[in-house]
Amino acid sequence: MQQCNRSQKIAICTVGLPARGKTYISRKLNRYFNWLGYKSRVFINGNYRREICGTECNSQFFDPQNEEAQKARSDCAKMALQDLIQFLQNGGDVGILDGTNITKERRHQIENDLKSSFNGIQTLWIESICNDSKVIQNNIRLTKINNPDYCNVNPEQATIDFLNRIKMYEQIYQTITDDENLSYIKTMNVGADIIVHQVYGFLLSKIVSFIMNLHTYPRPIYLSRHGESQYNVDDRVGGDSDLSELGEMYAEKLADFFYSEFPTKEIKNQIIFFTSTMRRAVHTSDVVAQKLEIQPLQLKTLDEINVGICDGMTYTEIAQKFPNDFQERKINKLGYRYPRGESYLDLISRIEPVIFEIERSRQPVMIIAHQAILRCLYAYFHQNEIPEVPTLDIPLHCVIKLTPAAYFCDEKRVLINPQTGEISIKEEYVQEFVRSKSKQKSFIDL
Amino acid sequence: MQQYKKTQYKLILVLVGLPARGKTHISYKLNRYLNWIGYKSEIFSIKGAQQKDDKLDQIIDYELEIDPENQQIVEVRQKLSFQAAQQLVTFLQTEGDIALYNGLTNTKCDRQKLKSFFKEQLQLEFQVFWIESICDDPQVIVNNINESKQSRFKDKTIEQFMNHINVISQDYQTLENIENLSYIKLINIGKQVKVHMLEGYLCSKIVSFLLNLHANNRQIYLVRSCQTEYHILDKIGGDPELSAMGKQHSQQLGDYFIEELKGNKNITFFTSQMKRGIQTADIVGEKLGIIALKTKNLDEIDYGICDGLTVKEIAAKYPKQIKERKANPLEFKYPRGESFLDVIHRVEPIIYEIERSRDPVLIIAHVAVLKCLYAYYHCNQISEIPNIEIPINCVIKLVPIPYHCLESRVIIK
């Protein structure tokens, strides 16, 4: 539901020591906003610094006493802010400034610059505080070792240098206080404690809920379509048909696959299992549920896209009966709405609560649903652009396993032959992708 | 997210805070919301326990009355607080999903005792979430006292209230992390919020809900879209346009609102994405100089296979469905369509929007959808929804006030 008054711009600024998850939060928020239909972008202070000052900076560069370095860093930060302001002035809706911003002075300056550039801009400050050394070490390992700053350094040395860098920041760190009169959210120790101060407005309230539920548990998300249905065989759209014989076989093999994925009873009981209310999905889910001895939750929100008056027709019949609509859909598959039905954009809006639920969950998530729905879910977590959604490949008889890793998702596709039960696997790892990207000097946008 | 489904574990929401901090108001609103989305929820308070106990003198208010000399009143209070906790346990063990507790919870000791009590007495899995309301803004406190006076304590003066509060404050201990409780602190009605150890789907939802509450008494207008061809032909569903008469009525509606809203352009204005909703809203909006936000969430209930048929045709073609609907109108789902429960779920984000808005709210939608919205403010049980009357060409004005909702209906001729 896009209720944002488009003329009101939003600027979000992060605050916190290095390795506190600021970039993670920025990226997640950015993804969420773009998904909801807002034009959003992240401006990373660190990237500007790398472009301009180079990536060979060791921790001494971050010494607050090092005046020359301080000036250089301050200039880079100003550039990032300027680009953000320009972005908002040229049609952007939400600008996210990802930086440490740990002094009152810096924050005051940014707040003033933003408020003077726009009438009625909403600013939100998100401070991430963490005292748990295990979490910090883990963050460093996952995200800093592959950072361009350390591409010529071995991991142990990189960690030591990075910890020194953090110490430099700690010397001048000032947490946000109420007298700064900022709208802020403080999240402590990955969401164990959250403080929300003076946050009003539709979008900002949504952000609060979103952040309250963020976590870094690498829980896997399994997406699968129902088994082949009668309508699939007849090549018809819509309807509420049941599984074909092949589809039933798939359901059995799918149940076997999940049975081996979740070996213990304890793990099984914690699975979050969603399906739709349509016969073909319910039937598939019931077979799986019986084998695993768990109960799926049937959500109408996961029902397949409503094809309105075209319900029950084949594509050939649609082309004959509604040639104009057929053409329109070819040109704009994303926005085209079936008469009395839905468009992909409607779908994206419809499944938002489910996305929220998945984000929130710290346990494995299993979803058995339909092609259009899964295209949307997959696109969100795999970080595809919205225009790509209608053409993503989500084949029948295939389980897609997404595992969050750093800022992205590892993907594994398990194609199951419904007749033989034979499995073929295709995997795509994030770490390799990130490493290959970081070899390039520019790291501005991933 | 599932309507009418039992929770996996029971949930107890405990309220903490001095008098005149809005605890009763919060518990009332939360209880209403939770019942509306399909859970069986009830409030257990000292006042409630007092009312259930016939042997007690009902004139003294044991919740508020504190005379440090009067040991007897203190004892009765403690007894009632304990009784409320017992009633709560019985409720959860039998039929309840969620219980709200408004008793003696202002000291660390009381809270630990309560926690142990629940642990011993409840023979099933449960979670406790603590909700503390803190207020140091004197104006807000005075406002709250005035509201309370109007509804509950008509014979007390503000001074007496302040005196009572001062006595209770002396032993008051705010929630602290060391107590190892999962909580939310609402400070000055949402100006600042602190959350500690938030866990679980329901608690997350409750926190989101609480973040949007405020104390402004603003009006909510619910109106149906105006007459269409389908009305004339007695057909249901479809996506027809307004008839000529319908357009005329929309104009009159616009005129009514010009007078009612007195030039205020800060209105939260929603309509559906159905032609009749959009057309009515466009006409009204033009008169007022505002534009409605069109959301699919407000679309009429999906009549599935019955869409576009007249009532007679449905009775002839699908007699079995008619019977089913008569038997259980709330849960009945039109084949390939929706039930009222689906509509409630669909309309929930709109409720958040209405709650959040401090400006007047104007919603132009359709019968079934409006029934669900209306029920949120007025009904105690969602089973009443199918029987609610939402006539056409009628503006329903709701003004929620603490513990209650004022309503007035105006027929537009």
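Residues numbered from 1 in each chain as written. Chains lettered and ligands numbered in written order. Predicted model: local features only at pLDDT ≥ 70, side-chain atom pairs only at ≥ 80, totals over all residues. Heavy atoms only, no water.

- For chain B, an unreviewed UniProt entry supplies the name 6-phosphofructo-2-kinase domain-containing protein and the organism Paramecium sonneborni.

- Under an unreviewed UniProt entry, the name given to chain A is 6-phosphofructo-2-kinase domain-containing protein, and the organism recorded is Paramecium sonneborni.

Some thoughts on the interface of chain A and chain B
Then comes step 1: Contact with chain A, which involves 38 residues of that partner, is made by 42 residues of chain B.
Then comes step 2: Interface area for chain A against chain B, summed over the two sides, is near 3,000 Å², with a carbon-plus-sulfur share of 50%.
Then comes step 3: Our count for the contact surface shared by chain A and chain B stands at two salt bridges.
Then comes step 4: Across the salt bridge formed by R336(B) and D311(A), the nearest N and O atoms sit 3.2 Å from each other.
Then comes step 5: Applying the counting criterion to the chain A and chain B interface returns 13 residue pairs in polar contact (both at pLDDT 80 or more).
Then comes step 6: Split by residue class, the side of chain A that touches chain B holds 14 nonpolar, 13 polar and 11 charged.
Then comes step 7: Note: strand β6 (residues 193-197) of chain A against strand β6 (residues 192-196) of chain B, five bridges, orientation antiparallel. Bridge pairing in β6(B) places I194(A) opposite V195(B). (Contact = heavy atoms within 4.5 Å. Buried area = accessible area lost by both parts, 1.4 Å probe. Salt bridge = Lys/Arg side-chain N within 4 Å of Asp/Glu carboxyl O. Polar contact = N/O pair within 3.5 Å; in protein donor to acceptor, adjacent residues only side chain to side chain. Nonpolar A, V, L, I, M, F, W, Y, C, P; charged D, E, K, R; others polar. Pairing = 2+ DSSP bridges. Helix = DSSP H or I, 4+ residues; strand = E, 2+ residues; numbered from the N terminus.)

Focus on the packing of aromatic side chains
Then comes step 1: Per the counting criterion, the structure on display carries 25 aromatic pairs over all chains.
Then comes step 2: Consider the rings of F44(B) and F91(B), whose centres lie 5.4 Å apart with planes at 50 degrees: the pair is tilted. Note that F44(B) is positioned in strand β2 (residues 41-45) and F91(B) in helix α3 (residues 71-94), a separation of 47 residues in sequence.
Then comes step 3: Aromatic ring contacts, followed pair by pair, group Y222(A), F257(A), F258(A) and F262(A) into a single cluster.
Then comes step 4: Sitting over the face of the ring of F87(A), R41(A) holds its NZ or CZ atom 5.9 Å from the ring centroid.
Then comes step 5: We note K291(A) situated over the ring of Y259(A); from NZ or CZ to the ring centre the distance is 5.0 Å. (Phe/Tyr/Trp six-rings, centres within 6.5 Å; stacked < 30°, edge-to-face > 60°. Lys NZ or Arg CZ within 6 Å of the ring centre and 35° of its normal.)

Quick notes on the environment of A289(A)
Then comes step 1: Structurally, the position occupied by A289(A) is in helix α11 (residues 279-292).
Then comes step 2: Considered as a pair, A289(A) and Y259(A) are 30 residues apart in the sequence and their alpha carbons are 9.9 Å apart.

Points about the UniProt feature "binding site: substrate" (unreviewed entry) in chain B
Then comes step 1: UniProt records the feature "binding site: substrate" (unreviewed entry) for R276(B), E300(B), I301(B), D302(B) and Y303(B) in the present numbering.
Then comes step 2: Tracing the backbone shows R276(B) in helix α10 (residues 275-288). (UniProt positions renumbered as here; feature names shortened; annotations may be inferred.)

Brief notes about the sheet that holds strand β2 (residues 40-44) of chain A
Then comes step 1: If you walk across this open sheet you meet the 12 strands as β2(A)-β3(A)-β1(A)-β4(A)-β5(A)-β6(A)-β6(B)-β5(B)-β4(B)-β1(B)-β3(B)-β2(B), and the pairing is mixed. Looking at which strands have only one partner, the edges of the open sheet turn out to be β2 of chain A together with β2 of chain B. Each strand axis lies, on average, 15 degrees off the axis of its neighbour in the sheet, ignoring direction.
Then comes step 2: For strand β4 (residues 126-134) of chain B and strand β5 (residues 183-187) of chain B, the ladder comprises five bridges, and the chain directions are parallel. By the bridge assignment for β5(B), E132(B) is matched with K185(B).
Then comes step 3: The strands that α3(B) touches are β1 (10-16), β2 and β3 (98-102) of chain B; relative to β3(B), the one it contacts most, it runs at about 175 degrees. (Axes fitted to C-alpha atoms, helices over the stretch in contact; angles between N-to-C directions.)

A few points about the pattern of salt bridges
Then comes step 1: One pass over the structure, following the stated rule, counts 31 salt bridges over all chains.
Then comes step 2: A salt bridge links R107(A) to E180(A); the shortest N-O distance between them is 2.9 Å. Separated by 73 residues along the polypeptide, R107(A) in helix α4 (residues 104-117) and E180(A) in the loop between α6 (155-170) and β5 (184-188) bring together distant segments of the chain.
Then comes step 3: Overall, R107(A) belongs to the buried group, its relative accessible area being 0%.
Then comes step 4: Judged by its relative accessible area of 17%, E180(A) falls in the buried class.
Then comes step 5: The salt bridge involving E348(B) is made with K205(B); its shortest N-O contact spans 2.8 Å. Residue E348(B) is located in helix α13 (residues 340-356), and its partner K205(B) is located in helix α7 (residues 201-211); the two are separated by 143 residues in the primary sequence. The pair E348(B) / K205(B) is uniform in exposure class, with both members buried.
Then comes step 6: A cluster of three or more residues bridged by salt bridges with shared partners is formed by K104(A), R107(A) and E180(A). (Buried < 20%, exposed > 50% of the residue type's maximum accessible area, 1.4 Å probe, protein only.)

Here we look at the packing of helix α5 (residues 133-144) of chain A against α6(A)
Residues and elements named next belong to chain A.
Then comes step 1: At a closest axis distance of 11 Å, the pairing of α5 and α6 adopts a crossing angle of 120 degrees. As the angle between them shows, α5 and α6 are arranged oblique. Here the hand of the crossing between α5 and α6 comes out right-handed. Contacts between α5 and α6 involve I136, Q137, I140 and K144 from the former and T159, F162, L163 and I166 from the latter.
Then comes step 2: For the contact of α5 with α6, a count of residues per class yields five nonpolar, two polar and one charged. (Parallel < 35°, antiparallel > 145°, perpendicular 65-115°, else oblique. Left-handed = near helix turned anticlockwise from the far one by under 90°.)

As for the confidence of the model for chain A
Residues and elements named next belong to chain A.
Then comes step 1: Mean pLDDT for chain A: 88, with 94% of residues reaching 70 or above.
Then comes step 2: Here residues 1-5 is modelled with pLDDT under 50, and outside its nearest four sequence neighbours on either side it reaches 21 contacts, counting other chains as well.
Then comes step 3: Here residues 439-446 scores under 50 on pLDDT; set against residues more than four positions off or in separate chains, the count is 13 contacts. (pLDDT = per-residue confidence, 0-100.)

Description of the nonpolar core
Then comes step 1: One finds I367(A), L377(A), I363(B) and L373(B) to be the most contacted residues of the largest nonpolar core, which totals 142 residues.
Then comes step 2: Discounting chain neighbours no more than four positions away, the residues touching I363(B) are Y221(B), L222(B), V223(B), F270(B), L298(B), I350(B), I354(B), L370(B) and L373(B).
Then comes step 3: Y62(B), L88(B), A99(B) and L122(B) belong to the second-largest nonpolar core, a separate cluster that totals 29 residues. (Core = buried A, V, L, I, M, F, W, Y, C linked by side-chain atoms within 4.5 Å.)

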